[in-house]
Amino acid sequence: MKAEDVRGLTADQLKDKLGDLKKEQFNLRFQKATGQLEKSSRINEVRKDIARVKTIARQKAAEAKA
């Protein structure tokens, strides 16, 4: 996911996307613990996507406040 794509989303869409990413992160951690994880690099990708969504959501909130 690119930052450009995330910037085009509304606040509600960002909230939904964040929820989806957190669910995916949980599922990946569960797969890792049970030994079923095939692509371990996906964990890092999801972590970075969560950070990206949170950062852009915070920026949008600051712009709306100002």
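Every value quoted in this text rests on a predicted model; they were computed, and no experiment measured them.

S.K.: Any details on the packing of helix α2 (residues 11-34) against helix α3 (residues 41-65)? Residues and values, ideally.
M.R.: Packing of α2 against α3 brings their axes to within 10 Å, and their N-to-C directions diverge by 160 degrees. On the basis of the axis angle, α2 is roughly antiparallel to α3. Remark: the crossing between α2 and α3 carries left-handed chirality. Each of Leu 14, Lys 17, Leu 18, Leu 21, Lys 22, Glu 24, Gln 25, Leu 28 and Lys 32 in α2 lies in contact with α3, whose residues at this interface are Arg 42, Ile 43, Val 46, Arg 47, Asp 49, Ile 50, Val 53, Lys 54, Ala 57 and Lys 60. Across the contact of α2 with α3, the residue classes break down as nine nonpolar, one polar and nine charged.

S.K.: Tell me what's going on with the nonpolar core, and back it up with residues and numbers.
M.R.: Among the nonpolar cores identified, the biggest contains ten residues, and these are Val 6, Leu 14, Leu 18, Leu 21, Leu 28, Ile 43, Val 46, Ile 50, Val 53 and Ile 56. Broken down by secondary-structure element, the contributors of at least two residues to this core are α2 and α3. With five residues, the single largest contributor to this core is α3. In this view, Val 46 contacts Leu 21, Glu 24, Gln 25 and Leu 28; residues no more than four positions away in its chain are not counted.

Definitions and cut-offs
- Residues numbered from 1 in each chain as written.
- Predicted model: local features only at pLDDT ≥ 70, side-chain atom pairs only at ≥ 80, totals over all residues.
- Heavy atoms only, no water.
- Axes fitted to C-alpha atoms, helices over the stretch in contact; angles between N-to-C directions.
- Helix = DSSP H or I, 4+ residues; strand = E, 2+ residues; numbered from the N terminus.
- Parallel < 35°, antiparallel > 145°, perpendicular 65-115°, else oblique.
- Left-handed = near helix turned anticlockwise from the far one by under 90°.
- Contact = heavy atoms within 4.5 Å.
- Nonpolar A, V, L, I, M, F, W, Y, C, P; charged D, E, K, R; others polar.
- Core = buried A, V, L, I, M, F, W, Y, C linked by side-chain atoms within 4.5 Å.
- Buried < 20%, exposed > 50% of the residue type's maximum accessible area, 1.4 Å probe, protein only.

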